[in-house]
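The residues making up each chain are set out below.
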Amino acid sequence: MNQPTLSEQVPKHRETNDVRALPVLPVRDTVLFPHAVLPLTVGRESSVQLINSLGEDKTIVVVAQREARVDSPQPGDLYTVGTSAIVHKVVKMPNQSLFVFAEGLERVRLGEFTQLAPFMRARVSPIPEAAPPDSSEIEALQRNVLTLFQQIVAGSPTLSDELSTVALNIDEPGRLVDFIASSLPSLSTPDKQDTLETLDIRVRLEKINQHLAKELEVQQLRNKIQSEVQDRVQQTQREYYLREQMKAIQKELGEQDEGQRDVEDLKKKIDDAGMPEEVKKEALKELGRLSRMSPMAADYSLTRNYVEWLAVLPWAKTSGQEIEILKAKEILDTDHYDLEKVKDRILDYLSVRRLKPNMKGPILCFVGPPGVGKTSLGKSIARALGRKFVRLSLGGVHDEAEIRGHRRTYIGALPGQIIQGIRRAETKDPVFMLDEIDKVGRDFRGDPASALLEALDPEQNSSFRDNYLDVTFDLSKVLFITTANMLDPIAEPLRDRMEIIELQGYSEEEKLHIARRYLVPRQVEENGITADQIEFPDEALRYVIRHYTREAGVRSLERTIGTICRKQARRLAEGKTEKLVVTQEIVQEFLGGIKIRVEGEIEERTERPGVAVGLAWTPSGGDVLFVEANAMKGKGGFTMTGQIGQVMQESMQAALTWVRSNAAHLGIAEDFFADHDIHMHVPAGAIPKDGPSAGVTMATTLVSLLSGHRIRPLTAMTGEITLSGNVLPVGGIKEKVLAAKRAGVNTVILPADNKMNVEEDLTPEQVENLTIHYVKTIGEALRVSLPEVAESLAAKSVLTPPKESKPEHAPLQPLQGPAVAHDKVVPWQS
């Protein structure tokens, strides 16, 4: 029996009944438009029963599901607008599913569902297609949509060109929109359903126009990206083919390519480097890997850098100069004034090395205040030895890899600063200065000071292993010199590996010599003037040293001299060509009023009882330290102020205990301490202070206060005391004595055990005009500092040293040496 055609069916349905019950076929991710033929795969049991139940009337309703994941949709899971369709052909598949060809007829709206099982059936009412208004806007939209669709089809590799032809032959705008919407694979199911439900032709054209414009933009961007990728791939392939052709041509001509030349150059460097056998074996192994690599490989540059580092290091190259002791001494004397201990140690090393050329280099550590010439001394030593000089500043270094390097697995890895310095020196025996070793930091990245242990140990540094090189390098011929301002921050194991050489501060006379021989000529030259245009008499230099600088070194002094030279340069630029002879008046005119008042300060501040002058050690040298005490009515309280540390507080307590225990001998009433409060203060309260060596000063201050007698004028003292009244040795003697001399002191009280330090560290010129008293007990110190008290109490045993008696057991000896006074790292230690 012949089926009626589509044109015969539709009118028949409309004539028969506008509302009729039709089977409903739910579909996933698919929207069927009127006049479109859609192949459908039917696999659900209910849908298969629906297709099999169709008789002569092959009309069904195709409706999209709201959620594609629902396997057994109910009426609420379906959209309310679908498309009536006629099933043209059904093909049974081997997996029991059906392949159905359905042609859309018209839009329909679903009404009441009359059946839910075994498949759904619902009453549907057709939605008539509204006739489009005949306007230029509709025509413009239709043409624009058609043009965009043709561009998309032309640029898409998946869409057939026949679609453009079909679209050109569709005159009705509504039908054109339906055709385009069903043909666009990129249009989502909700967007297609929205187009199906939109009845207004103009609105439907605008929506599809927006979708087409977006799709065209995405397609153009996709084509651009694909084109760029393809171009890059083609370029890479082209370069590869050209490179291979070039290799073949060079092979025929007997030439080498650039990569091969690099390998040959590196091999020659390796052969000439004089490497140890193990290192050479590793270098040739890596070179073999490099020769087999393509220059385009990711590891090529990393491997090449590693081999190059191995090849350029001075494995066997030394300075090789003959050592002349007298010439070295002359160079050291020319560059630096005084510093005899350091110069003797260097000359001793040179003498031994001349007798034993293969000796290991010493590890020297120069410790001293800033500006005394530690760094410049290293350069002078290198010049005296005829070696290269390398300097590495360790101030603020926190990362262990700065010393030992990074492993090659890290991006941008490099050897540590020690190996880099050796490469810069181009010899294996340079003078290597590690500046500011006491400023090394420590954090989560490691401890650089621990990494230095291997490099600075003469027994280990012959096989120093850098993390980057991962082979041993001999550092035993390197002369390592470290510098520090203080020893306290340096770890004990590291300090143990170094030979400590202390550089004390300069006296006024030494500064005068240094200024005359070095600083003035250098600043005159640096500021563009000549020696004929300015003159610094000794009196002017002494005035500057005494009143405008207070330091152990000479940096501030050089800056001050530079300021005076610049003022003269300005005068010359202004046309004043006469020679300038610097006087005190000129200094005050150029530098302003005096910055440091020396004369009279100690006399003024010690005019009343209860004030004594101590001596302090600071990182920048030495300084005088005033200690004041006062008493008031109270209940026996004792107050200590001046930002003092725990050790200094204990010294105050010990001094008070000694005074109270000897109150009767000192003529102090027994009930005085119960009825009075005592306050001790160390001025310059903003500066932290600590250390035990102000004990003598504190005891003397208390005796002066309670006896009512002022301290002997221009007297300073230092020393630690015990509860029994003994005076123990302290450190920093040279700095303290020089500070006393700078301050105008003429009498200094020191512990008797420090007499050796004075004789070794201080020259006769430095102690000139100074009277130094060496004491063993506090009584002896009071005899010098408070002669009135001593005279009135001469008969008392407290001021006479105890007679020595032979003890049954040997007494414990007090700790000796400078370490006694340097208990803590603070800006000011007594």
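Residues numbered from 1 in each chain as written. Predicted model: local features only at pLDDT ≥ 70, side-chain atom pairs only at ≥ 80, totals over all residues. Heavy atoms only, no water.

(A) Region of interest: the pairing of strand E4 (residues 81–92). Bridge count between strand E3 (residues 59–64) and E4: 4 bridges; the pairing is antiparallel. By the bridge assignment, Thr59 is partnered in E4 with Ile86. By the bridge criterion, 11 bridges tie E4 to strand E5 (residues 98–115) in an arrangement that is antiparallel. Paired with Val87 across the bridge in E5 is Ala102. The turn linking E4 back onto E5 is made up of 5 residues, and Gln96 within it adopts a positive phi angle of 75°. (Pairing = 2+ DSSP bridges. Helix = DSSP H or I, 4+ residues; strand = E, 2+ residues; numbered from the N terminus.)

(B) Summary view of the pattern of salt bridges. Scanning the model with the defined rule gives 33 salt bridges in all. A salt bridge links Lys267 to Asp271, with the nearest nitrogen and oxygen atoms 3.5 Å apart. In this pair, Lys267 and Asp271 both sit in helix H8 (residues 258–272), 4 residues apart, roughly one turn of the helix. Since its relative accessible area comes to 37%, Lys267 is described here as partly exposed. (Salt bridge = Lys/Arg side-chain N within 4 Å of Asp/Glu carboxyl O. Buried < 20%, exposed > 50% of the residue type's maximum accessible area, 1.4 Å probe, protein only.)

(C) How the structure looks around the sheet that holds strand E12 (residues 479–484). The 5 strands are arranged E8-E9-E12-E7-E13 in an open sheet whose pairing can be described as parallel. One side of each edge strand has no neighbouring strand; the edge strands of this open sheet are strand E8 (389–393) and strand E13 (499–502). Within the sheet, the average angular offset between the axes of one strand and its neighbour, ignoring direction, is 20°. Here strand E7 (residues 363–367) pairs with E12 via 5 bridges, running parallel. (Axes fitted to C-alpha atoms, helices over the stretch in contact; angles between N-to-C directions.)

(D) The arrangement of the packing of helix H25 (residues 695–707) against helix H28 (residues 778–785) in detail. Between H25 and H28, the shortest axis-to-axis distance is 10 Å and the interhelical angle comes to 60°. With respect to their mutual orientation, H25 and H28 come out oblique. The two elements H25 and H28 cross, and the hand of that crossing is right-handed. Listed contacts from H28 to Val696, Ala699, Thr700 and Val703 of H25 are Ile778, Ala781, Leu782 and Ser785. Of the residues in the contact of H25 with H28, the class split is 6 nonpolar, 2 polar and no charged. (Parallel < 35°, antiparallel > 145°, perpendicular 65-115°, else oblique. Left-handed = near helix turned anticlockwise from the far one by under 90°. Contact = heavy atoms within 4.5 Å. Nonpolar A, V, L, I, M, F, W, Y, C, P; charged D, E, K, R; others polar.)

(E) Molecular detail of the environment of Glu324. Along the chain, Glu324 falls in the loop between helix H10 (300–312) and helix H11 (325–335). For the pair Glu324 and Ile201, spaced 123 residues apart in sequence, the C-alpha to C-alpha distance is 107 Å.

(F) Just the nonpolar core, in detail. Counting 59 residues, the largest nonpolar core has Ile60, Phe149, Ile180, Ile208 and Leu212 as the members making the most contacts within it. Of all hydrophobic cores here, the second largest spans 54 residues; its members include Ile381, Met433, Ile481 and Leu519. (Core = buried A, V, L, I, M, F, W, Y, C linked by side-chain atoms within 4.5 Å.)

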